[in-house]
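# Architecture at a glance
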Amino acid sequence: MPGYISEFDYFGTDPDEFIEIAVPTGTDVSSYTLVFYQADGTIYSTVSLGSVVTTIDGQDVYVVDISNPGFDSGGDAMGMFYPDDAIALVDDSNAVLQFISWEGNTVSAIEGPASGQTSTNVGTTSGDGSLQSDDGGATYYAQSSSNKGTIPCFAAGTRILCESGEVTVEDLRPGMRVMTLQNGLQPLRWVWSGTQVPDAEDAEGALPILISAAALGGEQPKTDLIVSGQHRILMGAQNQMQQHITTPALCKAILLTQFPGIRIMHGKKRVKWFHLLFDRHEIIQANGCAAESLLLAPMVLERMGRRVQRQLSRALGLPAHIVPPHMTAAAPILTRRILEKQRIKERALIAEH
């Protein structure tokens, strides 16, 4: 399909609603439109897709929301969409790529590009969620919270220890129970994924880090683990780096590249990342390695922006207008200076012997 609606939120007022569209990378969507139909089959608004937001797995992603001209309910307390509305995604040749509706309803269009067509009902979600498709628009499932984007964490393919055993991070869904080091099984509240094209000039923040199998000591990780440079790994516990650090602490992966088997992946051109959010900051098992979940610290929240903050609030069961609270780290955090001091002491002890 040359394009499809990958996710949409039809609940709430204008700031909550959106439509996310995915098209093959490089597709010219300047003449693509979203045409909004009401129950009687007539058009009540037409909106262009605007500018690309991100690129994920060979697809350019666009988000149509209140920032797009024409996406305006005029102050209607119900928001832009009603339960008996429908959306048509129309390409540059005026062909209808998708014509979808929700809440068990269908709409028979009597005008515009979808004239003569009947929409396909794609499901129902709750007031705090959205409907998402992972198969090109063939089917949709309810998300407990909408999922439009933020910053990186685990790479695709990472296996997370859950109640049912290890699950690849791509298959995780909000509500699934994940094993945590300190609090046992905990429900996953929010999952985000996105593709990053690393910038070689910003190795600390952008380039991925490879932690080779067994590089942390013992058998940790069980298999190679790829994380972002800012992602923190547990040291001094769980047989991880206990020969170097004796008190449990979390350390950025980029700082661990001084150790054998841990390196910056300079040749990695594209990385698909995943965020995992719980009610609190947790330490979880990723490829058998103890590593952190998303930590909502002041700088992280600021970089996310208000729109994603609202998503996080809803995921945590808070009113959308309440900024998510800062989380307390699950373990002390090692800075570069502290780690370097520890390494100096370690080398001195080795020299004495």
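Definitions and limits used
- Residues numbered from 1 in each chain as written.
- Predicted model: local features only at pLDDT ≥ 70, side-chain atom pairs only at ≥ 80, totals over all residues.
- Heavy atoms only, no water.
- Helix = DSSP H or I, 4+ residues; strand = E, 2+ residues; numbered from the N terminus.
- Buried < 20%, exposed > 50% of the residue type's maximum accessible area, 1.4 Å probe, protein only.
- Contact = heavy atoms within 4.5 Å.
- Areas by Shrake-Rupley, 256 points an atom, 1.4 Å probe, with all protein chains shown as cover.
- pLDDT = per-residue confidence, 0-100.
- Pairing = 2+ DSSP bridges.
- Phe/Tyr/Trp six-rings, centres within 6.5 Å; stacked < 30°, edge-to-face > 60°.
- Core = buried A, V, L, I, M, F, W, Y, C linked by side-chain atoms within 4.5 Å.

## A closer look at the overall build of the protein chain
Along its length, the protein chain carries two helices and 26 strands. Within the protein chain, the proportion of its 353 residues that are buried is 50%. When contacts within the protein chain are restricted to residue pairs at least 6 apart in sequence, long-range pairs at least 24 apart make up 56% of them. Carbon and sulfur atoms provide 51% of the accessible area of the protein chain, an area that totals close to 15,300 Å².

## Remarks on the side chain of H231
Here H231 is to be found in the loop between β19 (225–227) and β20 (232–235). Overall, H231 belongs to the buried group, its relative accessible area being 3%. Excluding residues that lie within four positions of it along the chain, H231 makes contacts with C153, F154, C251, K252, A253, A291 and E292.

## Digging into the confidence of the model for the protein chain
Residues at a pLDDT of 70 or more form 81% of the protein chain, whose mean pLDDT is 82. Considering only residues more than four positions removed or in separate chains, one finds that residues 147–152, a stretch of pLDDT under 50, has 32 contacts. The low-confidence segment residues 199–205, where pLDDT is below 50, has 13 contacts with residues more than four positions distant or belonging to other chains.

## Quick notes on unusual backbone geometry
With an omega of -15°, the peptide bond between Q220 and P221 qualifies as cis. With respect to the element layout, P221 can be found in the loop between β18 (209–211) and β19. Even without a glycine there, the phi angle at N239 is positive, about 65°. Here N239 is to be found in the loop between β20 and β21 (249–252). Judged by relative accessible area, N239 falls into the exposed class, the value being 52%.

## Here we look at the sheet that holds strand β4 (residues 43–48)
Taken in spatial order, the five strands make up an open sheet running β4-β3-β7-β8-β9, and their pairing is mixed. Taken across any chain shown, the strands that pair with only one partner, and hence form the sheet edges, are β4 and β9 (120–121).

## Some points on the packing of aromatic side chains
This model, assessed by the stated rule, comprises 10 aromatic pairs. Ring centres of F8 and Y10 lie 6.0 Å apart, and the angle between their planes is 40°; on these two criteria the pair is classed as tilted. Look at F8 and you get buried, because its relative accessible area is 0%. Measuring from centroid to centroid gives 5.4 Å for F8 and W102, while their planes differ by 50°, and the two rings are tilted. Highlighted residues: F8 in strand β1 (residues 4–9) and W102 in the loop between β8 (96–101) and β9, separated in sequence by 94 residues. As far as the burial class goes, F8 and W102 line up, both buried. Here a set of aromatic residues connected by ring pairs shows up, and it is made of F8, Y10, F36, Y44, F71, F81, W102 and Y140.

## Quick notes on the environment of L161
Within the secondary structure layout, L161 lies in strand β13 (residues 159–162). Residues L161 and I284, spaced 123 residues apart in sequence, show a C-alpha to C-alpha distance of 7.3 Å. Aside from chain neighbours lying at most four places away, what touches L161 is E166, V178, M179 and Q285.

## Quick look at the environment of P325
Of note, P325 is situated in the loop between α1 (298–315) and β26 (333–334). The spacing of P325 and R280 is 45 residues in sequence and 10.0 Å in space, taken between C-alpha atoms. P325 has contacts with L296 and L318, leaving out every residue within four places of it along the chain.

## A look at the nonpolar core
F154, I160, I211, I262 and L276 are the most contacted members of the largest nonpolar core, which has 39 residues in total. With residues near it in sequence (within four places) discarded, L276 still touches F154, I160, V169, L172, L188, W190, V191, I284, S293 and L294. Listed in part, the 25 residues of the second largest apolar core include V29, V64, L89 and Y140.

## Some remarks on the pairing of strand β14 (residues 165–168)
By the bridge criterion, four bridges tie β13 to β14 in an arrangement that is antiparallel. Paired with L161 across the strands is E166, a residue of β14. The turn linking β13 back onto β14 is made up of two residues.

## Concerning the pairing of strand β7 (residues 86–90)
Residues in a regular strand point their side chains to alternate faces of the sheet. Within β7, five of the five residues are buried, which leaves it mostly tucked inside the rest of the structure. Where burial is concerned, the two faces of β7 agree: the one with A86, A88 and V90 and the one with I87 and L89 are both buried. Here strand β3 (residues 33–37) runs beside β7; their pairing, made up of five bridges, is antiparallel. Following the sheet pairing, Y37 is matched in β7 by A86. Of the pairings in the sheet, the one linking β7 to β8 comprises five bridges and is antiparallel in character. Note that in β8 the partner of A86 across the bridge is S101.

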